[in-house]
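Structural features, examined
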Amino acid sequence: MTTTASPHALPSYLQADHLGPWGTYLQQVDRVTPYLGPLARWVETLKRPKRCLIVDVPILLDNGTIAHFEGYRVQHNTSRGPGKGGVRFHQDVTLSEVMALSAWMSVKNAAVNVPYGGAKGGVRVNPKTLSLGELERVTRRYTSEIGIIIGPSKDIPAPDVNTNEQIMAWMMDTYSMNVGETATGVVTGKPLALGGSLGRRDATGRGVYTVGVEAAHQIGLKIAGARVAVQGFGNVGSVSARLFAEAGARIVAVQDHAGTIYREAGLDLAALAEHVRLTGSVTGFASAEPLASAAFWQVPCDILIPAALEGQITAANAGLITARMVIEGANGPTTPEADDILQERGVLVVPDVIANAGGVTVSYFEWVQDFSSFFWSEDEINARLVRIMKEAFAVIWQVAQDNRVSLRTATFIVACKRILHAREMRGLYP
Ligand code: NAD
């Protein structure tokens, strides 16, 4: 028997995985819909990515065999401008995850009011198993495959989990070779020598710190002397930790993919960074005690910064968290159930879509500098970043107060209204 799908039914790939990141995102959209007023008639737009590309990434391995990896690029929404969002290399990447990450980029870019839509990419590969040459071949072939939809005014990738400046350099070079001109603006997060921006490497962590300080001020929490626990000690986690420590906070616990360490008096972050550089993880760091990974969530602390992967704070551990404030450095680290538990317990959650927007904000500066071929000083960049983050946070805080909603719903209200207003002004084509 054949069935005819209702014209309003979501395509099957959008319905699947309701417990995963895309399901989380859909629930977040449902929560914001009552606050959208007349713009709610466009809300379906937010539940359907504009474009999903799945590509095969075949490469020659060093041992002479051929391996195939699955790659994705999703452009969730481009109503406000070109797609923008990172590329993740991870063995667990799925289309559904990339869809959710692309949607959160739409919301984030609108929340800080940079003129971008949202996009995200990924390759389902564990880069730690590849040689440098193999990594370069994966990057170049993936870039070539998604080259039909990216470009400086179409969609601009950037680093995310397990991708870095070198990978951005290879992406920029591959795209440039294919189009026959040096196109520095096709990716951000590049090395300085190739049109990268000062301040980009620290930008996400600096944004986490900036909105964290603003939020702490609102709830009367002093940064000096505050105890901070950080999950993830990569780009976002390590920089956030360093800036909080410089402001007088104590980083009492750090967890990464391999283990958890704790020191009541505060960890020596410079020594820890060197240990991670040499050994690849925080485990075995001499001047700290190891903890079982589940114990991380109940470490006594004032501020908790998840800065690793999504789906980390769940209904199972949200009740154990002692912090007064959670600042989401990672994308999607808190499930909707956990969000509710934290809210009921009076824990302030500063959501990813504003907390980690510092990275894309300086990516925007990088893109502007590339287009104008005129580069700004680091002080200028940091000052502009801090101003944008503070202003965005102030608007969102006020919307949260006015509507008596969480900061996440408030950020979605601000961002979704901006996206859907643009959508409405553009109208439907044809
Ligand atoms: P990264 O690769 O530099 O670091 C990731 C860290 O997470 C590493 O320390 C790793 O050991 C740890 N980790 C991985 N799996 C873990 C697990 N199961 N448990 C505990 N720790 C684990 O990545 P990043 O760029 O710092 O990104 C971290 C998060 O921040 C991601 O959610 C990413 O999407 C988000 N983010 C990054 C940026 C950016 O500019 N890099 C911007 C916005 C959001």
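Each chain has its residues counted from 1, following the order in which its sequence is written. The predicted nature of this model means local features are confined to residues of pLDDT at least 70 and side-chain atom pairs, given and counted, to a pLDDT of 80 or more, with totals for whole chains, interfaces and linings taken over all residues. Each side-chain value is derived from all of the structure's non-hydrogen atoms; neither hydrogens nor water enter the calculation.

Quick look at the site of the ligand now. Every one of the 21 residues lining the ligand counts as a neighbour, but Asp-160, Thr-204, Phe-233, His-257 and Asn-331 are closest to it. Separating an oxygen atom of the ligand from a backbone N or O atom of Val-236 is a distance of 2.9 Å. Identification of polar contacts relies on pairs of N or O atoms within 3.5 Å, with a donor-acceptor requirement for protein atoms, meaning one able to donate a hydrogen and the other able to accept it, and with residues adjacent in sequence counted only if both atoms are side-chain atoms. Note that an oxygen atom of the ligand is positioned 3.0 Å from one of the backbone N or O atoms of Ala-308. Protein chains shield 84% of the accessible area of the ligand, which is 820 Å² for the free molecule. Every helix listed is a DSSP run of H or I at least four residues long, and every strand listed is a run of E at least two residues long, numbered separately from the N terminus. If you list the elements that add at least two residues to the shell around the ligand, you get α6 (200-218) and α7 (235-246). When residues are grouped by polarity, Ala, Val, Leu, Ile, Met, Phe, Trp, Tyr, Cys and Pro land in nonpolar, Asp, Glu, Lys and Arg in charged, and all others, Gly among them, in polar. Grouping the constituent residues of the shell around the ligand by class yields 7 nonpolar, 10 polar and 4 charged. Shared between two domains, the shell around the ligand holds at least three residues of each, these being domain 1 (49-191) and domain 2 (201-350). Whether a residue is near a molecule or strand is decided by its heavy atoms; if any one of them lies within 4 Å of it, the residue is near. Areas reported as accessible are Shrake-Rupley estimates using a 1.4 Å probe. Residue values count occlusion only from the protein chains shown. The domain limits used here are those given by an automatic or database domain assignment.

The subject of this paragraph is the nonpolar core. In these notes, a set of buried Ala, Val, Leu, Ile, Met, Phe, Trp, Tyr and Cys residues joined through side-chain atoms within 4.5 Å is what counts as a nonpolar core. Accessibility here uses a 1.4 Å probe with only protein chains present; expressed as a share of the type maximum, an area under 20% marks a residue as buried, one over 50% as exposed, and anything in between as partly exposed. Tyr-25, Ile-303 and Val-350 are the most contacted members of the largest nonpolar core, which totals 89 residues. Take this core: its biggest share by element is 11 residues, from helix α3 (residues 95-111). Residues lining this core come from more than one domain, with at least three contributed by each of domain 1 (49-191) and domain 2 (201-350). Note on definitions: a residue-residue contact is assigned when non-hydrogen atoms from the two residues lie within 4.5 Å. Here Tyr-25 is in contact with Leu-46, His-76, Ala-103, Trp-104, Val-107 and Phe-412, once residues within four sequence places are set aside.

On to the packing of helix α4 (residues 132-146) against helix α5 (residues 165-179). Between N-to-C directions, angles cover 0 to 180 degrees, with each direction set by a line fitted to C-alpha atoms, over the stretch in contact for helices. α5 packs onto α4 with a crossing angle of 45 degrees between their chain directions and a minimal axis gap of 9 Å. Considering their axes alone, α4 and α5 lie oblique with respect to each other. Considering only the axes of α4 and α5, their crossing is right-handed. Contacts from Leu-132, Leu-135, Glu-136, Thr-139, Arg-140, Tyr-142, Thr-143, Ser-144 and Ile-146 in α4 reach Ile-167, Trp-170, Met-171, Asp-173, Thr-174, Tyr-175 and Asn-178 in α5. When describing relative orientation, an angle under 35 degrees is termed roughly parallel and one over 145 degrees roughly antiparallel, while 65 to 115 degrees is termed roughly perpendicular and anything else oblique. Rotating anticlockwise by less than a right angle from the far helix to the near helix defines a left-handed crossing, while the corresponding clockwise rotation defines a right-handed one.

A strand pair is defined by DSSP finding two or more bridges across the two strands. With respect to topology, 7 strands assemble into an open sheet ordered β9-β8-β7-β6-β10-β11-β12, the strand pairing being mixed. The open sheet has two edge strands with one neighbour each: β9 (289-291) and β12 (348-350). Neighbour-to-neighbour, the strand axes of this sheet turn through a mean angle of 25 degrees, independent of strand direction. Bridge analysis of strand β6 (residues 227-231) against strand β7 (residues 250-255) gives 5 bridges, and the strand direction is parallel. Opposite Val-228, over in β7, you have Ile-251 as the bridge partner.

None of this, on its own, says anything about what the molecule does.
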